[in-house]
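Survey of secondary and tertiary structure
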Amino acid sequence: MKRWLWPLVIFLVLAVFLGVGLTLNPREVPSPLIGKPAPPFQLPQLHDPEKTFSQKDMAGKVWLLNVWASWCGPCREEHPIWVDLAKTNVVPIYGLNYKDKRSDSMAWLQRYGDPYVLSASDLKGSIGIDYGVYGVPETYVIDKQGIIRFKQIGPVTPAVLKEKILPLIAKLNGNA
Amino acid sequence: MEMHKYMILLYFFVFPCALSHAAGDAALEQRVQRVAAELRCLVCQNQSLADSHAELAVDLKNKVREQLERGASEKDVLQFMTERYGDFVLYRPPLKTTTLLLWFGPGLLLLAGLAALFLRLRRRSAVAAEPVLTAAERARAATLLDSSSDPNSLNHHGEPKAR
């Protein structure tokens, strides 16, 4: 009886650790930016490069910043979700067009629909680095004080939108 | 075909870059490499920035170079990256309460193994040290066992219990 005990205990401990390890998604690196002010930027607007867009323009509003690019496959996957969400007017969606060619991104929006109030062009990707972007698409929920409250890495799914993003937006709009 | 494409890429981009850097500031480049080796590439997570040729890794290496050129210390650069990508970018995780197990787990396992080994060896030597009966003792035990069908009347030395 006792002979069995220790190997069994060790096996169970190992199984628990490995089990937890298997269920974690290594692609989802927790962002240190949650709860911090959105990094400042001032970028030309995609549709009108003469004008600029800055995170400061959004002070006092809860908004979404969606990092996207025309070369990014998964962006197309999540795109219909944004197009639908934009129709509901629940939250303004702003795009950060990441390391893209202007003509490509314009054509892409024409083809798949443009859910963005506007997109800012991060041609060199340096603002992307400030936001800790490493896998497009990524989406940030930013509150009225300009604090990042949530970050979605990779394409947003209907479940994430319904269970996390929308309730969070409702809460941020109600409380602040 | 694929190979061909990569070779062309190498000739046009990587080799000239390598050459120009070598000719340029070798010391700076060495520092960039050293910092890049400390940082994880987030796209291909099992590679360091130094090893990775992912586009983001190249961008981040340029960022490292740019900052070092501006006079930032290597620690500053690591700090810059951690602020954006979290501790995960560091190949050497910092010592924190959440990383205690990571840092000391292997040591603990080693200690546990040594403790188990020690206990086992001690138990084994205790067994071995138990007095071996001499032939005379053995014979006496045998007669005692024979003479009494009730083993309870004997204590474990084979002698009648003192009453």
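Above this text is the structure in question.
Since the model is a prediction, treat every value here as computed from it, not as a measurement. (Residues numbered from 1 in each chain as written. Chains lettered and ligands numbered in written order. Predicted model: local features only at pLDDT ≥ 70, side-chain atom pairs only at ≥ 80, totals over all residues.)

**Concerning the environment of Pro-40 of chain A**
Residue and element names in this part refer to chain A. Along the polypeptide, Pro-40 turns up in the loop between helix H1 (2-23) and strand E1 (42-44). With 11 C-beta atoms counted inside 10 Å, the residue Pro-40 sits in the exposed group. With 16 residues separating them along the chain, Pro-40 and Lys-56 place their C-alpha atoms 7.5 Å apart. (Helix = DSSP H or I, 4+ residues; strand = E, 2+ residues; numbered from the N terminus. Buried ≥ 20, exposed ≤ 12 C-beta atoms within 10 Å, placed from the backbone.)

**A word on the pairing of strand E6 (residues 138-142) of chain A**
Residues and elements named next belong to chain A. Burial within E6 is extensive, with five of its five residues counted as buried. Both faces of E6 are covered, namely the face carrying Glu-138, Tyr-140 and Ile-142 and the face carrying Thr-139 and Val-141. Pairing of strand E3 (residues 63-68) with E6, which is carried by five bridges, proceeds in the antiparallel orientation. Each residue of the ladder has a partner; that of Leu-64, found in E6, is Val-141. Here five bridges tie E6 to strand E7 (residues 148-153), and the two strands are oriented antiparallel to one another. Bridge pairing links Val-141 to Phe-150 in E7. The hairpin turn running from E6 into E7, its antiparallel successor, is five residues long, and Gly-146 in that turn takes a positive phi close to 80°. (Pairing = 2+ DSSP bridges.)

**A look at unusual backbone geometry**
Residues and elements named next belong to chain A. The residue after Val-136, namely Pro-137, is reached through a cis peptide bond having omega 0°. Tracing the backbone through its elements, the reader meets Pro-137 in the loop between helix H4 (126-130) and E6. The phi dihedral of Asn-89 falls on the positive side, at around 60°, and the residue is not glycine. We note that Lys-99 has phi near 45°; this positive angle belongs to a residue other than glycine. Examined against the element boundaries, Lys-99 turns out to sit in the loop between strand E4 (93-98) and helix H3 (102-112).

**What about H3 of chain A?**
Residues and elements named next belong to chain A. Along H3, the residues that are buried comprise Ser-105, Trp-108 and Leu-109. One face of H3 carries all of its buried residues, which in axial projection span an arc of 95°. Along H3, exposed side chains directed more than 90 degrees from the buried face belong to Ser-103, Ala-107, Gln-110 and Arg-111. The inward-facing, buried residues of H3 abut E4. (Arc of directions from axis to C-beta. Contact = placed C-beta atoms within 7 Å.)

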